[in-house]
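Survey of secondary and tertiary structure
What follows is each chain in one-letter form.
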Amino acid sequence: MACQLDIQPCSEWNLFSRLQRPLVIAGPCSAESEEQLSNTATLLKNNGIEVLRAGIWKPRTRPNCFEGVGEKGLPWLQYIQKTLGLKVATEVANAHHVEAALKQGIDMLWIGARSTANPFVVQEIAEALKGVDIPVLVKNPVNPDIELWVGAFERLYICGIKKLGAIHRGFSSYNSNRYRNTPQWQIPIELKRRIKQLPLFCDPSHISGHREYIQEISQKAMDLGFDGLIIESHIQPDCALSDAAQQITPQQLNNILKQLIIRDAHPNNSSNHLIIEELREKIDTLDNSILEALTHRMKIIEEIGHYKKQNNITILQPDRWENILSRVIDEARKNNLPVELVERVFKAIHQASIDRQTDIMNRHEK
Ligand code: PEP
Ligand code: MN
């Protein structure tokens, strides 16, 4: 199901003067002091950054962490807007935040991951934004539930917000992984399929949790055709009051951006287009063969199902399943295919076969 939201493209947001990818939003996790903010902002501006991010109200998972300077930080952002000409963005988590931020002329707002997970909060924010025409970015919810993410865009859209964008910041998981938040790239890809015009930003800082991974995650986002990046940058990252390990200096940010390889996201007008089209034809043909093979396989599964029913044989034959799995894994290895992929595909096929045979066993034939 695709969503029909008539979203305004970044070119109509009046935030970025240069619209080439990546559109970059950068700044500290939190505004800590007027000095920290303006020193960081000055260096970012010198490096060509046009939109400054800074959290004023910080949703921290555990109490007794730094929870942001609160409203007194808003005039600091306004001062940077006036003196440096940067656009400024901050996070809002309730109607009061929205009103305070709008009163101070903040240019752009974002909704944090913990808030997106709560439809009441999103609804409250959306209603407080009625009649307001500024861009609002929505981070993915902390849990990998795409419906919550889509629902947040719909709530904002219904309240008249048309300048919408998504921020992919990864998903919490119980086990610790390489990254602080698992990217699960298939989720933003599916979001883009469902809401076609939605600009996608990647937040490599919150995905990684550590500055050493920011480059590789940013590159991956660019390779997937994301429109922009939102990256935490602090004048003295190691002294940051929140998210210290993942922040980088404006100079480090500059180096990362310079090293990014940007590939063409819309190869429509070039000869690339023809080459890609031809290869896509081949993929479509192969997908059809996979579907034909699955249909054929399922017919044989049904035949076996009927035979088992007539002869009172159980559906699951563990030895047979063990043989199938080890055979396909061997084949995968020989063909240099990812074993994990082949295992997942065959487990899904096997489960569907069991389901089909269970239906046959329990069907009451007249
Ligand atoms: C942030 O942007 O500093 C933040 C709190 O992020 P998230 O909502 O992704 O955790
Ligand atoms: Mn942060």
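Above this text is the structure in question.
Residues numbered from 1 in each chain as written. Chains lettered and ligands numbered in written order. Predicted model: local features only at pLDDT ≥ 70, side-chain atom pairs only at ≥ 80, totals over all residues. Heavy atoms only, no water.

1. Some remarks on the overall build of the chain
As a reminder, the rule being used: Strands are runs of DSSP state E lasting at least 2 residues, helices are runs of H or I lasting at least 4, and numbering of each runs from the N terminus. Computed by Shrake-Rupley with a 1.4 Å probe, the accessible areas treat only the displayed protein chains as cover when residues are assessed. Think of it this way: Lys and Arg go in the positive column, Asp and Glu in the negative one, and His and the chain ends go nowhere. A charge is said to be at NZ when it belongs to Lys, at CZ for Arg, at CG for Asp and at CD for Glu.
Of the regular secondary structure elements, the chain holds 13 helices and eight strands. For the C-alpha atoms alone, the extent of the chain along its principal axes is close to 80 × 45 × 40 Å. Split by element, the accessible area of the chain, about 19,600 Å² in all, is 52% carbon and sulfur. One way to put it: in the chain the 43 positive side-chain charges average out to a point 1 Å from where the 44 negative ones average out.

2. Re the coordination of the manganese ion (ligand 2)
Ideal values differ by geometry: the angle at a metal is 109.5 degrees with four tetrahedral donors, but 90 or 180 degrees with six octahedral donors. In plain terms, the rule: Coordinating donors are taken as N, O and S atoms within 2.8 Å of the metal, stretched to 3.2 Å for Na, K and Ca; because water is absent from the atoms, sites can appear incomplete. Throughout, exposure labels follow a simple rule: accessible area from a 1.4 Å probe, protein chains only, divided by the maximum for the residue type, with under 20% read as buried, over 50% as exposed, and the rest as partly exposed.
The manganese ion (ligand 2) binds to the protein through Cys29 (SG), His206 (NE2), Glu232 (OE) and Asp243 (OD); the donor distances cover 2.1 to 2.4 Å. Within one chain, the residues serving as donors to the manganese ion (ligand 2) are arranged as C-x176-H-x25-E-x10-D. Taken together, the residues glutamate 232 in strand β8 (residues 228-232) and aspartate 243 in the loop between β8 and α10 (250-259) connect sequence positions eleven residues apart. Accessibility classification places glutamate 232 together with aspartate 243 in one group, the buried group.

3. Points about the site of ligand 1
The criterion, for reference: When we say a residue is near a molecule or strand, we mean one of its heavy atoms is within 4 Å of it. Under this definition, polar contacts are N or O atom pairs within 3.5 Å; protein pairs additionally need one hydrogen-donor-capable and one acceptor-capable atom, and for neighbouring residues in sequence, both atoms have to be side-chain atoms.
All residues adjacent to ligand 1 are Cys29, Arg53, Lys58, Glu91, Trp110, Gly112, Ala113, Arg114, Lys139, Arg169, His206 and Glu232. Lysine 139 is positioned such that a nitrogen or oxygen atom in its side chain is 2.8 Å from an oxygen atom of ligand 1. Here an oxygen atom of ligand 1 sits 3.2 Å away from a polar atom, N or O, in the side chain of histidine 206. When ligand 1 sits alone it has 300 Å² of accessible area, and the protein chains cover 99% of it.

4. Re the pattern of salt bridges
Close approach of charged atoms lets side chains of opposite charge pair. The criterion, for reference: A pairing counts as a salt bridge when a side-chain nitrogen of Lys or Arg comes within 4 Å of a carboxyl oxygen of Asp or Glu.
For the coordinates displayed, the defined rule picks out 16 salt bridges. For aspartate 203, the salt bridge identified is with lysine 139, shortest N-O distance 2.8 Å. Of the two residues, aspartate 203 sits in the loop between β7 (200-202) and α8 (204-208) while lysine 139 sits in strand β5 (residues 136-139), which places them 64 residues apart along the sequence. Linking arginine 193 and glutamate 190 is a salt bridge whose minimum nitrogen-to-oxygen distance equals 2.8 Å. Of this pair, arginine 193 and glutamate 190 both sit in helix α7 (residues 186-194), three residues apart, roughly one helical turn. On the basis of relative accessible area, arginine 193 is assigned to the partly exposed category, the value being 42%. Three or more residues are tied together by salt bridges with common partners; here these are Glu147, Glu190, Arg193 and Arg194.

5. Description of the side chain of serine 208
Cut-off, in case you're wondering: Contacts are assigned to residue pairs with any non-hydrogen atoms lying within 4.5 Å of each other.
The residue serine 208 is located in helix α8 in this model. The exposure class of serine 208 is buried, given its relative accessible area of 2%. Within the structure, serine 208 has its side chain in polar contact with the backbone oxygen of proline 204 (distance 2.8 Å). One polar contact links the side chain of serine 208 to the main-chain carbonyl oxygen of serine 205, over a distance of 3.2 Å. Those residues in contact with serine 208 that sit more than four places away from it in its chain are Arg178, Tyr179, Arg180, Tyr213, Ile214 and Ile217.

6. Examining a nonpolar patch on the surface
Heads up, the condition is: Note on patches: the residues involved have over 30% relative accessible area and no salt bridge, like charges join within 9 Å, and the nonpolar side chains Val, Leu, Ile, Met, Phe, Trp and Tyr join within 5 Å.
A surface patch of nonpolar side chains, amounting to about 320 Å² of accessible area, comprises Leu274, Ile275 and Leu279. Along the chain, isoleucine 275 falls in helix α11 (residues 271-310).

7. Re the packing of aromatic side chains
In this description, an aromatic ring pair is defined by two values, namely the gap between the centres and the angle between the planes. Worth spelling out the cut-off: Here a pair means two rings of Phe, Tyr or Trp (six-membered ring of Trp) with centres within 6.5 Å. Their orientation is stacked below 30 degrees between planes, edge-to-face above 60, and tilted elsewhere.
Considering all chains together, one arrives at three aromatic pairs under this definition. Here the aromatic rings of tryptophan 13 and phenylalanine 201 are separated by 6.3 Å at their centres, their planes lie at 15 degrees, and the arrangement is stacked. Separated by 188 residues along the polypeptide, tryptophan 13 in the segment before β1 (23-27) and phenylalanine 201 in strand β7 bring together distant segments of the chain. Ring centres of tryptophan 185 and phenylalanine 226 lie 5.8 Å apart, and the angle between their planes is 85 degrees; this geometry places the pair in the edge-to-face category. Of the two residues, tryptophan 185 sits in the loop between β6 (164-168) and α7 while phenylalanine 226 sits in the loop between α9 (214-223) and β8, which places them 41 residues apart along the sequence. The class of tryptophan 185 is buried, set by a relative accessible area of 14%.

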